[in-house]
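In case you want the letters, here they are:
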Amino acid sequence: MVKARTFGYFFKSSGRSLARNSWMTIASISTVAISLLVLGVFLLLAVNVGVAAQHMESQIEVTAYLLDMPRDHVQRLEQQVRSISGVSEVYHVSKDEAWERLLEWYGNDRTFLAGWEEENPLRESFEIRAESPELVSEIAGRVAGLSGVEEVVFGRELIEQILAITSAIRMVGTGLMIGLALAAMFIIANTIRIAVFSRRREISIMRYVGATKWFIRWPFIIEGWVLGLIGGVVASSILAWGYYLAVRYLLRVMPFWPLIAPWPFLQQLALGMLGIGSLIGIAGSALSLRRYLNV
Amino acid sequence: MLELVNVTKTYPDGPVALDSVSMRMDKGEFVFVVGQSGAGKTTLTRLLLCEEKPTSGSIYIQNKDITKLRPRHIPALRRSMGIVFQDFRLMPNWTVEENVAFAMIVVEAAPKQIKRRVAEVLDLVHLTHRRKQTPGQLSGGEQQRVALARAIVNSPDLLIADEPTGNLDPDTSWDIVKLILDINRIGTTVLMVTHAEQIVDRLRKRVVTLQNGRVVRDEEGGLYHG
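Residues numbered from 1 in each chain as written. Chains lettered and ligands numbered in written order. Predicted model: local features only at pLDDT ≥ 70, side-chain atom pairs only at ≥ 80, totals over all residues. Heavy atoms only, no water.

Asker: Tell me about the side chain of Thr6 of chain A, and please be specific about residues and values.
Answerer: With respect to the element layout, Thr6 of chain A can be found in helix H1 (residues 6-20). Among all residues touching Thr6 of chain A, those that are not within four sequence positions of it are Phe215 of chain A together with Glu108 of chain B. (Helix = DSSP H or I, 4+ residues; strand = E, 2+ residues; numbered from the N terminus. Contact = heavy atoms within 4.5 Å.)

See the structure below:
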């Protein structure tokens, strides 16, 4: 066992070594940071797209656009839709309401819509919710068969596509992360190898005066850990700052877009990144010590 | 204190480095090991330090067979020994004081104790006035004195000196040998491997001569050449 006070010495000697091999230190920290940043960005994307998909799913299931028709026809059609089994809710969107929504979508900036105001080109629609998701396609088919219905937009397909994209983002992100994490680990292993090499004299003296295996190893383990940890700190700082900017921007341009709140999600993400960074660092160091430090 | 029983060491594709070597050293003894290059002197020190295991035979230190020592017990063994080499092996960027203290930091001595003991041994090797200097600022003899201080700072039972005067001029060599004798007088057992004929002949201590890996002579009060 190594005594607690000795860790002061270990940290000092690790720090000296990191400062001495400053280029390798920077390279190691950068690769850890980049690999964690990629992980973080993909994770944020996947989570946000997933949240958006869920949000959309909960909002609308089937939209039926209507042909132009008199008001009482619309009411009769609405009754018919309501009577379809499995329909839980029907909301009638008038042409005016559709227009209002579009305006809102554009942040009430009328320049986009100039020229259209005279004659509202939007269609009336029913927004239909099903009692359960499995019923959606059947309901959609039956609504499409009613006279006066011009087109049925089946939101589920879109949602499924979005979910497929989410899982693709996750897979690509995880794959990239693993590749980059391995690269980062090998660079740290190489940094530690150089550190071992540049301290071989000190290590040989340590052996002669009776240092234990762990006394010799600890400073290098700490060195690898510090590299990984700093990489994690750099990555999570960049990510938190970037996400903050992105959220601020998106809230301005697309206020309806459901984003995951930065807090406490980012905090958890940052902790995860520090943990993974530490693991990468310690693993890289251990890898090197196994090969180059036979004590 | 120290006993070798039929110790043989062969290296793959090499000649026999040590061939059935048996010898005994009592506590407090001073022994010269002499012989030509390749006679097996270096192998002997390596075996004593547990850097290698003999091919056959046993080595007892304090009645323990160190050839059967588990790797994790080797550090404890080395703490009971001090070693100095021909090339000093000091850390060039550290001060004299730091070089000596290092041996105590490594065995996790208390900071207070380190301070006190380092001052004590630096006084013993007459280097108190040089304690803040780095090895580069010292002469060869002074550097070897730093190495000696480091070797004895943890109060070892056995001091192994592997050609400690090999890089030094005759006068400086005598200073070092006198210090080693002082250390021996305090009660430390000393095994000194050397080529220095004059020193061996003048001190008339016990001399063990190695030739082609065998002990060809073991004589109390001997001379370099029989």
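Asker: Please give an account of the pattern of salt bridges that cites residues and values.
Answerer: All names here are of chain B. In the structure shown here, the tally under the stated rule is 23 salt bridges over all chains. One salt bridge in this structure joins Arg214 and Asp19, with 3.2 Å as the shortest N-O distance. On the criterion of sequence distance, the pair formed by Arg214 in strand E10 (residues 214-219) and Asp19 in strand E2 (residues 16-25) is long-range, its members being 195 residues apart. Relative accessible area serves as the criterion here: at 45%, Arg214 is assigned to the partly exposed category. (Salt bridge = Lys/Arg side-chain N within 4 Å of Asp/Glu carboxyl O. Buried < 20%, exposed > 50% of the residue type's maximum accessible area, 1.4 Å probe, protein only.)

Asker: Could you give an account of the pairing of strand E3 (residues 125-130) of chain A, with specific residues and numbers?
Answerer: Residues and elements named next belong to chain A. With five of six residues buried, E3 lies mostly within the body of the structure. In the sheet, strand E1 (residues 62-66) pairs with E3 via four bridges, with the strands oriented antiparallel. Note that in E3 the partner of Val62 across the bridge is Ile128. In this sheet, E3 lies alongside strand E2 (residues 87-93) in antiparallel orientation, the contact comprising six bridges. Among the inter-strand pairings, Tyr91 is bridged to a residue of E3, identified as Glu127. (Pairing = 2+ DSSP bridges.)

Asker: Tell me about the interface of chain A and chain B, and name the residues and values.
Answerer: Taken together, the 17 residues of chain A in the interface contact 22 residues of chain B. Here chain A meets chain B over a buried area of about 1,800 Å², counting both sides, of which 62% is carbon and sulfur. Broken down residue by residue, the surface that chain A buries against chain B is led by Ile205, Tyr208 and Val209 of chain A, which jointly contribute 39%. For the interface between chain A and chain B, the tally reads zero salt bridges. Linking chain A with chain B are nine residue pairs in polar contact (both at pLDDT 80 or more), by the criterion used here. Those elements that provide at least two residues to the side of chain A that touches chain B are H1 and helix H7 (200-208) of chain A. By residue number, the principal contributor to the side of chain A that touches chain B is H7 of chain A, which donates six residues. A breakdown of the residues in the side of chain A that touches chain B according to their chemical character gives nine nonpolar, three polar and five charged. (Buried area = accessible area lost by both parts, 1.4 Å probe. Polar contact = N/O pair within 3.5 Å; in protein donor to acceptor, adjacent residues only side chain to side chain. Nonpolar A, V, L, I, M, F, W, Y, C, P; charged D, E, K, R; others polar.)

Asker: Describe the sheet that holds E2 of chain B, and please don't skip the residues or the numbers.
Answerer: Residues and elements named next belong to chain B. Taken in spatial order, the four strands make up an open sheet running E2-E1-E4-E5, and their pairing is antiparallel. Edge positions in the sheet fall to E2 and strand E5 (64-65), since each of these pairs with one other strand and no more. Seen against the sheet, helix H1 (residues 41-48) touches strand E1 (2-10), E2 and strand E4 (56-61) and runs at an angle of roughly 120 degrees to E1. (Axes fitted to C-alpha atoms, helices over the stretch in contact; angles between N-to-C directions.)

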